[in-house]
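Here is how the chains run, residue by residue.
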Amino acid sequence: MWLLIVSIAGLKLFIIRCRRGFGPYGITSIAIAGILAGSISARGQYKLATLYEFTLNQGSFPGPLLFDSNGNLYGTTNGGGADHYGTAFEFSPSTQTLTTFVNFDITNGSQPNTSLVMDSMGNLYGMTEENSLGESELFELSAGTRAFSIPAVLQQPVNGLLPNGNLMIDAAGNIYGTAQVGGYNNLGTVFEISPGTGAANVLASFNLTDGERPSGGVVADAQGDLFGATNEGGPNRDGVVFEVPAGSHTPITLAAFNGANGKDSTSGLVMDSHGNLYGATPEGGDLTLNGGNGDGVVFEVAAGSSAISVLATFEGSNGAEPQSSLLIDSNGNLFGTTVASGADGRGTVFEIPAGTDSLLTLVNFDGHNGSGPEGSLIEDGDGNLYGTTTGNQDFQTGKNYTATIFELSLPEPTSLQWLIAAASLLRRRKRRQ
């Protein structure tokens with residue numbers, strides 16, 4: 001412990017020296033910092049805390065969370081609730097209370113299966129899989145009161161059915177997403193909805209050659225081009241990464257999955273500041289595992305490239321079946337979850353530090369601290385991570401584990417992290433000279 005304190009203090013002093021110029025102690029500071037950093041582990045450990053446990057009446061299988069400006073968390077559940085068709089809720093971390101705004105009962109929609117998005121006025125939007133007429137609906141929770149309304153409906157089969165993954169909202173309040181079926185070939189769509197008019201438009205329909213069953217939603221670049229992934233189709237029938245150029249209604253295959261580089265994507269993509277795309281697949285990678293299907297991969301499609309690069313492969317012990325979109329922080333570090341395996345067999349939270357292909361397991365879920373996280377992670381302003389676990393049954397013991405909301409609090413910086421910060425300072429200083 002004293003070594004850690006001394007090493008961090010020394011590194012802080014080293015950074016101060018860097019800012020002021022090396023002076024007579026510069027080389028000594030570098031040497032001491034390097035020696036001490038080498039003797040300390042590279043990272044601290046995130047602290048896992050269960051913030052809330054759902055009752056079945058409050059919902060089951062919660063999805064991704066969303067922060068408002070006051071630090072409250074919003075989300076939906078795909079099942080449970082008073083009528084067993086899912087819920088929409090708010091959770092206050094400060095009071096540890098959960099408020100249910102909507103109990104879906106199929107007449108007002110059922111089984112919400114997308115992320116929530118918030119417009120500039122604070123209104124929340126999400127989508128349900130289908131109502132009593134077999135239509136998928138866009139629902140709104142108005143700012144302030146969180147009153148429920150349905151501003152738009154997807155007209156199946158043209159606009160699509162069974163929306164999934166991440167919704168995206170632009171500055172004008174238009175909402176974009178993917179539907180697994182529907183469209184001209186009934187193989188899925190990318191759609192746009194304007195809540196103000198109630199109009200829903202198909203931006204792209206899929207066929208067997210350019211992919212089918214788009215999953216996970218879409219992400220946009222600065223030019224308005226949309227990017228996503230499909231669960232099936234393409235040249236190898238394992239799905240593709242696609243682009244829908246702005247103003248076009250034709251999906252273009254950027255890269256195809258082939259099993260070894262992933263297959264059957266169910267999550268959305270994230271984009272870094274350079275235009276590189278990142279995602280995960282629940283199968284593929286090491287095809288000697290999982291009956292020849294593999295346990296999944298984390299992949300990258302570099303900007304301007306038509307190749308899928310595998311950053312990390314899951315092998316059971318480090319998790320299996322990542323199903324949610326990744327989180328990319330301001331430093332380019334990637335975070336995600338797996339729903340299965342890991343040290344305790346109930347899924348994991350993992351990190352891939354920027355610029356590496358090293359997969360670090362941050363949390364092993366064991367049922368008692370959560371089980372089967374399916375929703376994407378989110379990050380607060382202090383770098384703490386939040387997510388949900390679905391909960392499920394332990395078939396060996398018969399115990400039912402409840403769904404949870406969890407927090408991973410940021411560890412204190414280690415000495416190596418201070419050294420990295422110092423090195424970054426030095427590089428910036430040299431560039432200015």
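Anything mentioned here points back to the structure above.
In this report, the structure presented in the accompanying data block is examined. Everything quoted here is computed from the prediction, not taken from an experiment. (Residues numbered from 1 in each chain as written. Predicted model: local features only at pLDDT ≥ 70, side-chain atom pairs only at ≥ 80, totals over all residues. Heavy atoms only, no water.)

### Remarks on the pairing of strand β28 (residues 385-389)
In terms of burial, β28 is a largely internal element, five of the five residues being buried. Neither face of β28 is left uncovered, since the one carrying Leu385, Gly387 and Thr389 and the one carrying Tyr386 and Thr388 both have all their residues buried. Turn length for the strand β27 (residues 378-379)-β28 hairpin, with the two strands adjacent in sequence and antiparallel, is five residues, and the turn residue Gly383 shows positive phi of about 85°. Sheet analysis places β28 next to strand β29 (residues 404-409), joined by five bridges and oriented antiparallel. Bridge pairing in β29 places Thr389 opposite Thr404. (Buried < 20%, exposed > 50% of the residue type's maximum accessible area, 1.4 Å probe, protein only. Helix = DSSP H or I, 4+ residues; strand = E, 2+ residues; numbered from the N terminus. Pairing = 2+ DSSP bridges.)

### As for the side chain of Thr77
Tracing the backbone shows Thr77 in strand β4 (residues 73-79). The class for Thr77 is buried, based on a relative accessible area of 0%. A polar contact is formed between the side chain of Thr77 and the side chain of Thr87, at a distance of 2.8 Å. Contacts of Thr77, omitting those with residues within four sequence positions, involve Phe54, Gln58, Gly59, Ser60, Phe61, Pro62, Gly86, Thr87, Phe89 and Pro112. (Polar contact = N/O pair within 3.5 Å; in protein donor to acceptor, adjacent residues only side chain to side chain. Contact = heavy atoms within 4.5 Å.)

### What to know about the sheet that holds strand β10 (residues 148-154)
Ordered by their spatial adjacency, four strands build an open sheet running β7-β8-β9-β10, and the pairing between neighbours is antiparallel. Each edge of the open sheet is held by one strand with a lone partner, namely β7 (117-118) and β10.

### Focus: the sheet that holds strand β1 (residues 47-53)
Pairing is antiparallel across the open sheet formed by four strands, whose spatial order is β1-β29-β28-β27. On the outer flanks of this sheet lie β1 and β27, each paired with one strand and no other. Across two bridges, the pairing between β27 and β28 is antiparallel. Note on β28: the bridge partner recorded for Ile378 is Tyr386.

### Considering the packing of aromatic side chains
Taken as a whole, this structure holds twelve aromatic pairs when the rule is applied. Residues Phe206 and Phe242 carry aromatic rings whose centres are separated by 4.9 Å and whose planes lie at 70° to one another, so their mutual orientation is edge-to-face. On the criterion of sequence distance, the pair formed by Phe206 in the loop between β14 (199-205) and β15 (212-220) and Phe242 in strand β17 (residues 240-244) is long-range, its members being 36 residues apart. Here Phe242 falls in the buried class, since its relative accessible area comes to 0%. Site record: aromatic cluster; members linked through ring pairs are Tyr52, Phe54, Phe89 and Phe91. (Phe/Tyr/Trp six-rings, centres within 6.5 Å; stacked < 30°, edge-to-face > 60°.)

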